[in-house]
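The primary structure of each chain is shown beneath.
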Amino acid sequence: MMKMTLTQPAVKWFEDEMDAKKGDSIRFYARYGGFSPIHPGFSVGVTKSEPYEAALQTEENGLHFFIEETDKWYFEGYDFHIKFSRKHNQIEYEYHEKT
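Now for a description of the structure that goes with this document. Only a predicted model underlies this, so the values are computations on that prediction, with no experimental measurement involved.

What to know about the sheet that holds strand 6 (residues 78-85)
Piece 1. Taken together, three strands build an open sheet; the order of strands is 1-6-7 and the sheet is mixed. The sheet terminates laterally at strand 1 (4-6) and strand 7 (90-97), the two strands that pair on one side only. Ignoring strand direction, the axes of neighbouring strands in this sheet form an average angle of 20°.
Piece 2. Taken together, the eight bridges between strand 6 and strand 7 define a ladder with antiparallel strand orientation. Along strand 7, the bridge assignment pairs D79 with H96.
Piece 3. Strands strand 1, strand 6 and strand 7 of the sheet are contacted by helix 1 (residues 8-17), whose axis makes an angle of about 70° with strand 6.

Brief notes about helix 1
Piece 1. For helix 1, the set of buried residues is A10, V11 and F14. Down the axis of helix 1, the smallest arc covering the buried residues is 105°, so these residues share one side.
Piece 2. Immediately downstream of helix 1, the backbone of D19 shows phi near 50°, a positive value.

Focus on the pattern of salt bridges
Piece 1. Within this structure, the stated rule accounts for eight salt bridges.
Piece 2. In this structure, R27 and D71 form a salt bridge, with 2.5 Å as the shortest nitrogen-oxygen distance. Placement of R27 in strand 2 (residues 25-32) and of D71 in the loop between strand 5 (63-68) and helix 2 (72-75) is noted, with a sequence separation of 44 residues between them.
Piece 3. A relative accessible area of 21% places R27 in the partly exposed class.
Piece 4. On the basis of relative accessible area, D71 is assigned to the buried category, the value being 6%.

Rules used throughout
- Residues numbered from 1 in each chain as written.
- Predicted model: local features only at pLDDT ≥ 70, side-chain atom pairs only at ≥ 80, totals over all residues.
- Heavy atoms only, no water.
- Pairing = 2+ DSSP bridges.
- Helix = DSSP H or I, 4+ residues; strand = E, 2+ residues; numbered from the N terminus.
- Axes fitted to C-alpha atoms, helices over the stretch in contact; angles between N-to-C directions.
- Contact = heavy atoms within 4.5 Å.
- Buried < 20%, exposed > 50% of the residue type's maximum accessible area, 1.4 Å probe, protein only.
- Arc of directions from axis to C-beta.
- Salt bridge = Lys/Arg side-chain N within 4 Å of Asp/Glu carboxyl O.

Shown next as structure tokens:
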């Protein structure tokens, strides 16, 4: 089973930059274009949205983070870690291959 984790600085970023408040849901999804180390030609998108059929989810500080079943293919085989880079002042994604 894959996991999704977020650092507290990343959660704070979502609260500040996306004006996310307790009870809000934030979706990570596969989008066409951009760069990804695991799927060339695709990247991760993020939006505030309510889940329809969540395949993976976690909650931090009252915020609900999730991936829909339709985007599961992108993340399969990896644990998905979201962190905040102070150096680049942005969110960064890490994929840790499941063994």
